[in-house]
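Understanding the architecture of this molecule
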Number of protein chains: 2
Amino acid sequence: MLSKKSQYAFKALVYLTEKYNQGPVLISEISRKKKVPLKFLENILLELKKAGILDSKKGKGGGYFLKKDPAKVKVATIIRLVNGPIAMLPCVSLYFYERCKNCDEKKCGLHDMMIEVRDASLAILENRTLKDLAL
Amino acid sequence: MLSKKSQYAFKALVYLTEKYNQGPVLISEISRKKKVPLKFLENILLELKKAGILDSKKGKGGGYFLKKDPAKVKVATIIRLVNGPIAMLPCVSLYFYERCKNCDEKKCGLHDMMIEVRDASLAILENRTLKDLAL
DNA sequence: TTGATTCCCTACCAAGCTGGTAGACTTAAA
DNA sequence: TTTAAGTCTACCAGCTTGGTAGGGAATCAA
């Protein structure tokens, strides 16, 4: 399951997508409109900025805004960033791979099935962007 | 991601599938062969018994064994039992549904996408059984 | 009927994660 | 130089995860 943090992140990103190219948006505005706890949202947005998804301006007239075209920000990227692995097992994760102890990947039925599940999920998540979410 | 507990549960179930119809298997044997901590495994097997997946016999010659034909025990069932929801959001879960606050499901892009992901995963997990894992 | 064997049950625990909050600091515009 | 913003560090309660400890209860065989 996606954490609350991830859900908040998506709410904020969808909001910023709707305001794309309209200048910086206040944290407090996002918090109010999307009903996300202010201080928690601060942390999340900062993290998204450090990851290169968002950018910000300080001082009056400041706020957060998308750094890239929302049509180019994949949902899978956001999930990996805020929530972690998409796969159900470390041994089938593309970005967070860890081999499993005491289990030969070449003849592990669970392994094979989880690769299928991963690919089925990625077929969707890698081909949807923030723009698709905002419709 | 699946918890360690879930991974241990699958290891044990696959082992018991291989020993299906060969009488009770000792917890200690499963623990040894599958490298799962003994006392932790006890808890897991007991839970699977209470859920009706396994049955057991006490005393000499006792142990655990599958209650049903492994070809009839779906992987999705085990995951829900030991790990929880398969969906990525409560508002798209079939067995653990909770509506989301401050979000209209009818016009939530995330919601729609997560339903797709859920269905793609279930198409696999609902159609695989313990028998498939054991091959 | 006693003893060995085996699962069953309750309790406990450390460490890490989740979902936050508090408050001071820095930057930039007016 | 004041004020409006984001930034940073620190802190916290409660829950979950991944276990461990130890005895109790059922069963079987001798």
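Our structure's up above, just so we're on the same page.
A brief look at the structure comes next. (Residues numbered from 1 in each chain as written. Chains lettered and ligands numbered in written order. Predicted model: local features only at pLDDT ≥ 70, side-chain atom pairs only at ≥ 80, totals over all residues. Heavy atoms only, no water.)

Remarks on the protein's contact with DNA strand C
Threshold: We define proximity as follows: a residue is near a molecule or strand when any one of its heavy atoms falls within 4 Å of that partner. Whenever a nitrogen or oxygen atom comes within 3.5 Å of another N or O atom, the pair is scored as a polar contact, on the condition that within protein one atom can donate a hydrogen and the other can accept it, and that pairs from neighbouring residues in sequence are kept only if both atoms are in side chains. Secondary structure elements follow DSSP: runs of H or I of four or more residues count as helices, runs of E of two or more count as strands, with numbering from the N terminus. Charged means Asp, Glu, Lys or Arg here, nonpolar means Ala, Val, Leu, Ile, Met, Phe, Trp, Tyr, Cys or Pro, and polar covers whatever is left, Gly included.
Around DNA strand C, the surrounding shell holds 26 residues, and the nearest of these are Tyr8 and Lys39 of chain A together with Lys49, Ser56 and Tyr64 of chain B. Counted by atom, the contact set of DNA strand C within 4 Å of the protein is 72% sugar and phosphate. Between lysine 49 of chain B and DNA strand C, the recorded distance is 2.5 Å, taken from a side-chain N or O atom to a phosphate oxygen. A distance of 2.7 Å separates a phosphate oxygen of DNA strand C from a polar side-chain atom of serine 56 of chain B. Within the residue set of the surface near DNA strand C, elements represented by two or more residues are helix 1 (4–18) and helix 3 (38–50) of chain A together with helix 3 (38–50), strand 1 (54–57) and strand 2 (63–66) of chain B. Ranked by the residues each element gives to the surface near DNA strand C, the list is headed by helix 3 of chain B, at four residues. Residues belonging to the surface near DNA strand C are distributed by class as follows: eight nonpolar, six polar and twelve charged.

Describing the relation of the copies chain B and chain A
The condition that has to hold: Least squares is used to superpose the copies, and the fit set is the C-alpha atoms of residues whose pLDDT is at least 70 in both copies. Note on definitions: a residue-residue contact is assigned when non-hydrogen atoms from the two residues lie within 4.5 Å.
When chain B is fitted onto chain A, the two copies agree to an RMSD of 0.0 Å after a turn of 180° and an axial shift of 0.0 Å. Between the two chains, the operation in question is that of a two-fold axis. Across chain B, the smallest distance between a C-alpha and the rotation axis is recorded for alanine 120 of chain B, namely 2.9 Å. When you check the interface residues of chain B against chain A, 100% turn up at the interface there too, and the contact is symmetric in its surfaces.

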